[in-house]
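Observations on chain architecture
Spelled out from the first residue to the last, the chains are:
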Amino acid sequence: MAVSAAKKPQEIVFEWEGKDKSGKVVRGEMRAGGESVVSASLRRQGILVQKVRKRRVSGGSAIKPKDIAVFTRQLATMMRAGVPLLQSFDIVARGSTNPRVTKLLNDIRGDVETGTSLSQAFRRHPLHFDALYCNLVEAGEAAGILETLLDRLATYQEKTLAIKQKIKGALSYPISVLVVAFIVVTVIMLKVIPAFKEVFTSFGADLPAPTLLVIAMSEFFVSYWWAMFAFIGGGLYFFFQAWKRSEKMQKVMDRLLLKVPIFGNLIYKSSVARWTRTLSTMFAAGVPLVDALDSVGGAAGNAVFVEATEQIQKDVSTGTSLTVAMQSTNIFPVMVLQMASIGEESGALDSMLAKAADIYEEEVDEIVKALSSLMEPVIIVFLGTLIGGIVVAMYLPIFKLGSVV
């Protein structure tokens, strides 16, 4: 009971308005435990308080990894410039255009202000700050080089986000084209082909087989379009939910993704780049190798690498060298193994892994560029075959009628 009584109340941000000694209207913000505390503090400053209200935090978009990366970079920059930690949080929070980010930073600032370490304050928000982030901040606090590690962490996040954006960019184009093609075909089946069918029935002649097939497909669409949309939508929803929630499903799908032609190589190399970049960042921060491996597998973004990292961690903890442990998993390319071996022998493991990450990030760039030039003709051929086939099938009776005339 004594502990709870002594506990400092949670402070929140209030907006206030009043008049100073000269009668001029002044406004501002203050962090306090309640409205009465704000009013009392302002009266001591000679301000006649007129309004005090809790700052509203409504609307705003969801907090994205990019928001956290921008915050980390800004915090690292200000701390390097000698700005105190709490003041840095205030500046970043006020500069954010997203109210949710502002609230998050104010909550963290409040925790730090009451004596909580920065790493522990971050750990209270696991949706936005993962174990890797918190471990690096904790290492920086312990070694007294927080601004240096925040800078490395910001660089790591920026490079990781860049890889993810490149992969999304490579995949978004064909997916968007497939969606548009599906919509176009649906409109043709539901609206265009039934109109042609009415015209063809007045011919009183036998229709070609391709035309009959397309008309049959159209009739099926018209009769069961609601069932098809429900089946496709429900199937996709349950598939992605199972992929997201089932560990077994994740392992199966991640293995299959690595074997997909062209795209599998892109996903594999991006996973290798993220794996090596993460381990390099953790090791450079002074985190012991066995502890660093806790966060490395998940950062790769593939269940195959998670399994491999768990095995590597077990082997390394029993005295096996990192290179030998990596080699036994049979998923790392020879170049990465050689660079890891050189790094272990020379005592520069972090820099060698960072160089490996740079190489594979460049390869990801090249693959994305190649995909961009390759996918366009493939998609054109696909759409031409699909839409052109339907159009030709519907015009065959007209061609046949013209030849008879």
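What comes next concerns the included structure. All values reported here derive from a predicted model rather than from experimental measurement.

**Overview of the overall build of the protein**
Broken down by element type, the protein carries 16 helices and three strands. The C-alpha atoms of the protein give 30 Å as radius of gyration, which overshoots the globular expectation for 405 residues (22 Å, by more than 25%). Structurally, the protein occupies a C-alpha span of about 100 × 70 × 40 Å along its principal axes. Across the 405 residues in the protein, those meeting the buried criterion constitute 38%. For the protein, the proportion of contacts with a sequence separation of at least 24, taken over those separated by at least 6, is 60%. Accessible area of the protein: about 22700 Å², with a carbon and sulfur share of 62%. Between the mean site of the 44 positive side-chain charges and the mean site of the 37 negative ones, the protein shows a separation of 8 Å.

**Some points on helix α12 (residues 289-299)**
Within α12 the residues assigned to the buried category are L289, A292, L293, S295, V296, G297 and A299. One or two positions beyond α12, positive phi appears at G301, with a value near 75°.

**What about the packing of aromatic side chains?**
With the rule as written, the count across this model stands at 14 aromatic pairs. Ring centres 5.2 Å apart and planes at 45° place the aromatic pair F220 and Y224 in the tilted group. Placement of the pair is F220 and Y224 together in helix α9 (residues 209-245), with a separation of four residues, close to one helical turn. For F220, a relative accessible area of 44% puts it in the partly exposed group. Measuring from centroid to centroid gives 5.4 Å for Y237 and F238, while their planes differ by 75°, and the two rings are edge-to-face. These aromatic residues form a ring-pair network of at least three members: F71, F89, F122, F129 and Y133.

**Here's the deal with the nonpolar core**
Grouped together as the largest cluster of nonpolar side chains are 75 residues, with contacts concentrated most on F122 and W275. Of all the elements, helix α16 (residues 349-404) adds the most residues to this core, at eleven residues. Those residues in contact with F122 that lie beyond four places of it in its chain are F71, F89, I108, F129, Y133, C134 and V137. Counting residues in hydrophobic clusters, the runner-up holds eleven residues, among them V185, F200, V214 and F221.

**A short note on the layout of surface pockets**
Size it by volume and the largest pocket reaches roughly 640 Å³. Around the largest pocket, the lining comprises 24 residues; the ones closest to its centre are P65, H128, D130, Q157 and K164. Among the elements of the structure, α3 (65-80), α7 (131-143), α8 (146-201) and α12 are those that each provide at least two residues to the lining of the largest pocket. Sorting elements by how many residues they give to the lining of the largest pocket places α8 first, with six residues. Partitioned by chemical class, the residues of the lining of the largest pocket number 13 nonpolar, six polar and five charged.

**Structural notes on a positive patch on the surface**
A cluster of basic residues, K64, K66, K164 and K168, forms a positive patch on the protein surface. Position of K64 among the secondary structure elements: in the loop between β3 (48-54) and α3. According to the relative accessible area criterion, K64 is exposed, its value standing at 52%.

**Structural notes on the pattern of salt bridges**
Under the defined criterion, the tally for this structure stands at twelve salt bridges. One salt bridge connects D111 with R124, and the closest N-O pair in it is separated by 3.2 Å. Of this pair, D111 sits in helix α5 (residues 99-113) while R124 sits in the loop between α6 (118-123) and α7, placing them 13 residues apart in sequence. Residue E363 pairs with K269 through a salt bridge whose shortest N-O separation is 2.5 Å. Of the two residues, E363 sits in helix α16 while K269 sits in helix α11 (residues 263-284), which places them 94 residues apart along the sequence. Classification of K269 as buried rests on a relative accessible area of 18%. The network of salt bridges with common partners includes R73, D151 and E158.

**Some words on the environment of M282**
Position of M282 relative to the elements: it lies in helix α11. Given the relative accessible area of 0%, M282 is considered buried. As for M282 and V392, which are separated by 110 residues in sequence, their C-alpha atoms are 60 Å apart. Setting aside chain neighbours within four positions, we find M282 in contact with L132, N135, L136, V287, A292 and S295.

Rules behind the numbers
- Residues numbered from 1 in each chain as written.
- Predicted model: local features only at pLDDT ≥ 70, side-chain atom pairs only at ≥ 80, totals over all residues.
- Heavy atoms only, no water.
- Helix = DSSP H or I, 4+ residues; strand = E, 2+ residues; numbered from the N terminus.
- Rg over C-alpha atoms; globule rule 2.2 N^0.38 Å.
- Buried < 20%, exposed > 50% of the residue type's maximum accessible area, 1.4 Å probe, protein only.
- Contact = heavy atoms within 4.5 Å.
- Areas by Shrake-Rupley, 256 points an atom, 1.4 Å probe, with all protein chains shown as cover.
- Lys, Arg positive; Asp, Glu negative; His and termini not counted.
- Charge placed at Lys NZ, Arg CZ, Asp CG, Glu CD.
- Phe/Tyr/Trp six-rings, centres within 6.5 Å; stacked < 30°, edge-to-face > 60°.
- Core = buried A, V, L, I, M, F, W, Y, C linked by side-chain atoms within 4.5 Å.
- 1 Å grid on protein atoms, 1.4 Å probe; cavity = no way out; pocket = protein on both sides within 12 Å on 5 of 7 lines; lining within 4 Å.
- Points joined across faces, edges and corners; volume = space filled by probe spheres on them.
- Nonpolar A, V, L, I, M, F, W, Y, C, P; charged D, E, K, R; others polar.
- Patch = residues over 30% accessible without salt bridge, like charges linked within 9 Å, V, L, I, M, F, W, Y side chains within 5 Å.
- Salt bridge = Lys/Arg side-chain N within 4 Å of Asp/Glu carboxyl O.

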